[in-house]
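Each chain, written out:
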Amino acid sequence: MSNSSTRKIPVGILGATGTVGQRFIQLLENHPNFEIKSLAASPRSEGKAYSNAVNWKLSTAIPKNIQHLVLKSCKADQFKECRLIFSGLDSDVAEKIEEEFFKAELFVFSNAKNHRMSPTVPLCVPLVNTNHLDIIPIQQKLYNLKKGFLVTNANCATTGLVVPLKALEESFGEIERVSVTTLQSISGAGYPGVPSLDIFDNVIPFIDGEEEKLEIETSKILGNVKNEKFENSRIKVSATCNRVAVLDGHMECVSVSFKDKSKLPDISALKSALQNYECEAQKLKVYSTMKNDINFNPIVVFEENNRPQPRLDRDVNFGMSVSVGRIRKCDLFDFKFTVLLHNTILGAAGSSIMNAEVALKKGYVY
Ligand SMILES: NC(=O)c1ccc[n+]([C@@H]2O[C@H](COP(=O)([O-])OP(=O)(O)OC[C@H]3O[C@@H](n4cnc5c(N)ncnc54)[C@H](OP(=O)(O)O)[C@@H]3O)[C@@H](O)[C@H]2O)c1
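Residues numbered from 1 in each chain as written. Predicted model: local features only at pLDDT ≥ 70, side-chain atom pairs only at ≥ 80, totals over all residues. Heavy atoms only, no water.

Per an unreviewed UniProt entry, the protein is named Aspartate-semialdehyde dehydrogenase, and its organism is Clydaea vesicula. Taken from UniProt, the Sequence similarities (unreviewed entry) comment for the protein reads in full: "Belongs to the aspartate-semialdehyde dehydrogenase family." (UniProt positions renumbered as here; feature names shortened; annotations may be inferred.)

As structure tokens, then:
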């Protein structure tokens, strides 16, 4: 029988009970390319039906075909019916488990930090650098794989930052220095995450490891692939990260300084460069840029002085775009602006899915 569902790629989700895992399940419901066949999480959840194991936190219901799926252990030999794996695993365990899965010749798309900076692993933000997927054959050669690979997506705050930076570099040349201060939502810490007595009525001026991720990952993502290697950008990023009492949506206050001061744009040229920025995923018309007939733009520019706001704007383009507002000149750097992204959609599961859609269009996934 050859109906559309049998042609879909069978996928598994690791970390399926977590904050990111739940988003994968929500975003993959009725997906035209991928169909969930298997789920796994920790030994605490193994053997339970999904609806009994998960503490479901999303406003849509658990899809009917998922509720009764029994959670497996994170072993590649239990995922033989799958060709592709989406991982929302805790980074304490992701490194070895993801390695086992891609070495078993599965296509693995990971959210964990462990392999992001590896010299043969693409670190892809789907609205920015899907050209980095071109390193896949080098990775496969290194591990002697006929198929299967590991692709990572970035830290959630990094994802929000690099989209406008890429758009500006495309129009006005290299950015030399960036200062970014984040206000990050509590869902970014997973479940149960930050205790309510710590975060309610409060701001916590520290997120372990987050500033380093923004500073290091940005240069890999904005770099190139040359002679079968990554060539990182020389951009310098200084980051300060705060956890705030917002449920979903990371906000970032960004200042940028361009290398070539002779080409500095005026504010309206800067806005149109952001607004008109196009990425490869959009040109390839992958499903996440087309669903619900949205007129997809990687960046949505706000003119109002008090936007974007997490509660009002995190779901713009179903959480798959970056919002930018408060665009103005800066006396210390050249320009400053405010960025918002949905951290568990574009900042996590949505990025993995869009990376997989692009990899499918380019023939890396089959
Ligand atoms: N939250 C975000 O906004 C965000 C954004 C970008 C990237 N990330 C990254 O995505 C990953 C998942 O984050 P999250 O926020 O979803 O975390 P989370 O809510 O804490 O979920 C963690 C998942 O890992 C599973 N797990 C824990 N220990 C395990 C073990 N020993 N073996 C197998 N599975 C185990 C958990 O299963 P049980 O339920 O059975 O314990 C759960 O499914 C992390 O690497 C995180 O850094 C998160």
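S.K.: An account of the site of the ligand is requested, with residue identities and associated values reported.
M.R.: Lining the immediate environment of the ligand, one finds 28 residues, of which Thr17, Val20, Ser42, Arg44 and Ser45 sit closest. The contact in question runs from an oxygen atom of the ligand to an N or O atom on the backbone of Gly15, over 3.2 Å. Contact distances for the ligand include 2.4 Å between an oxygen atom and a side-chain N or O atom of Ser45. Protein coverage of the free-state accessible area of the ligand, which is 900 Å², stands at 82%. The cavity that encloses the ligand is the largest pocket. Breaking the shell around the ligand down by element, the ones donating at least two residues are helix 2 (19–28), helix 5 (91–103) and helix 14 (345–361). Residues that form the shell around the ligand fall into these classes: 11 nonpolar, 15 polar and 2 charged. Here the shell around the ligand spans two domains, since at least three of its residues come from each of domain 1 (4–155 + 349–361) and domain 2 (156–342). (Near = heavy atom within 4 Å. Polar contact = N/O pair within 3.5 Å; in protein donor to acceptor, adjacent residues only side chain to side chain. Areas by Shrake-Rupley, 256 points an atom, 1.4 Å probe, with all protein chains shown as cover. 1 Å grid on protein atoms, 1.4 Å probe; cavity = no way out; pocket = protein on both sides within 12 Å on 5 of 7 lines; lining within 4 Å. Sits in = over half its atoms within 2 Å of the grid points. Helix = DSSP H or I, 4+ residues; strand = E, 2+ residues; numbered from the N terminus. Nonpolar A, V, L, I, M, F, W, Y, C, P; charged D, E, K, R; others polar. Domains from an automatic or database assignment.)

S.K.: Describe in detail the state of the cysteines, supporting the description with residues and values.
M.R.: What the rule picks out here adds up to 0 disulfides. Cys279 carries a free sulfur, and the closest cysteine sulfur to it, the one in Cys124, is 12 Å from it. (Disulfide = S-S within 2.5 Å.)

S.K.: Go over the nonpolar core with me, naming the residues and quoting the values.
M.R.: Grouped together as the largest cluster of nonpolar side chains are 86 residues, with contacts concentrated most on Tyr50, Leu84, Phe86, Phe109 and Val256. For this core, the leading source of residues is helix 14, giving 9 residues. Residue-level mapping places this core at the junction of two domains, with at least three residues from each of domain 1 (4–155 + 349–361) and domain 2 (156–342). Residue contacts for Phe86: discarding those within four places in its chain leaves Val11, Gly12, Ile13, Leu14, Phe24, Leu28, Phe34, Phe109, Ser352, Ile353 and Ala356. (Core = buried A, V, L, I, M, F, W, Y, C linked by side-chain atoms within 4.5 Å. Buried < 20%, exposed > 50% of the residue type's maximum accessible area, 1.4 Å probe, protein only. Contact = heavy atoms within 4.5 Å.)

S.K.: Tell me about the sheet that holds strand 4 (residues 107–110), and please be specific about residues and values.
M.R.: Reading across from one edge, 2-1-3-4-5 is the order of the 5 strands in this open sheet, with parallel pairing throughout. Each edge of the open sheet carries a strand with a single partner, namely strand 2 (34–40) and strand 5 (149–152). Here the average twist between neighbouring strands, direction ignored, is 25°. Along the sheet face, helix 2 touches strand 1 (9–14), strand 2 and strand 3 (84–87) and points at about 155° away from the line of strand 1. Of the strands in this sheet, strand 1, strand 3, strand 4 and strand 5 touch helix 5, which is tilted by about 155° from strand 4. (Pairing = 2+ DSSP bridges. Axes fitted to C-alpha atoms, helices over the stretch in contact; angles between N-to-C directions.)

S.K.: Got a sec to walk through the layout of surface pockets? Specific residues and values, please.
M.R.: Roughly 1,500 Å³ of volume is contained in the largest pocket. If you go around the largest pocket, you meet 49 residues; those closest to its centre are Gly88, Leu89, Asp90, Ser91 and Gly190. Those elements that place two or more of their residues in the lining of the largest pocket are helix 2, helix 5, helix 9 (210–221) and helix 14. In terms of residue class, the lining of the largest pocket is built from 18 nonpolar, 20 polar and 11 charged. In this structure, the second largest pocket spans a volume of roughly 500 Å³. For the second largest pocket, the lining is made up of 23 residues, of which Thr19, Lys57, Ser187, Leu247 and Asp248 are closest to its centre. Those elements that provide at least two residues to the lining of the second largest pocket are helix 2 and helix 8 (196–199). The element that contributes the greatest number of residues to the lining of the second largest pocket is helix 2, accounting for 4 residues. (Points joined across faces, edges and corners; volume = space filled by probe spheres on them.)

S.K.: Would you mind going over the environment of Ile345 in detail, with residue names and values included?
M.R.: Within the element layout of this structure, Ile345 appears in helix 14. Residues Ile345 and Gly249, spaced 96 residues apart in sequence, show a C-alpha to C-alpha distance of 9.3 Å. Contacts of Ile345, omitting those with residues within four sequence positions, involve Arg23, Leu27, Phe318, Gly319, Met320, Gly350 and Ser351.

S.K.: Pulling in residues and values, what's your account of the environment of Gly18?
M.R.: Relative to the helices and strands, Gly18 resides in the loop between strand 1 and helix 2. As a C-alpha pair, Gly18 and Glu252 span 234 residues in sequence and 25 Å in three-dimensional space.

S.K.: Tell me what's going on with the packing of helix 2 against helix 14, and back it up with residues and numbers.
M.R.: For any two helices packed against each other, one specifies the inter-axial angle together with the distance between the axes. Contact geometry of helix 2 with helix 14 gives a least axis separation of 9 Å together with a crossing angle of 55°. When the axes of helix 2 and helix 14 are compared, the pair comes out oblique. Taken as a pair, helix 2 and helix 14 cross one another with a handedness that is right-handed. Listed contacts from helix 14 to Val20, Arg23, Phe24, Leu27 and Leu28 of helix 2 are Ile345, Ala348, Ala349, Gly350, Ser352 and Ile353. Taken together, the residues of the contact of helix 2 with helix 14 break down into 8 nonpolar, 2 polar and 1 charged. (Parallel < 35°, antiparallel > 145°, perpendicular 65-115°, else oblique. Left-handed = near helix turned anticlockwise from the far one by under 90°.)

S.K.: Help me get a handle on the pairing of strand 1, residues and values and all.
M.R.: Burial analysis of strand 1 places 6 of its 6 residues in the buried class, the great majority of the element. Alternating residues of strand 1 divide into Ile9, Val11 and Ile13 and Pro10, Gly12 and Leu14, and every residue in both groups is buried. Direction of pairing for strand 1 relative to strand 2: parallel, over a ladder of 6 bridges. Within strand 2, the residue paired with Pro10 across the bridge is Glu35. One ladder, built from 4 bridges, connects strand 1 with strand 3; its direction is parallel. Each residue of the ladder has a partner; that of Gly12, found in strand 3, is Ile85.

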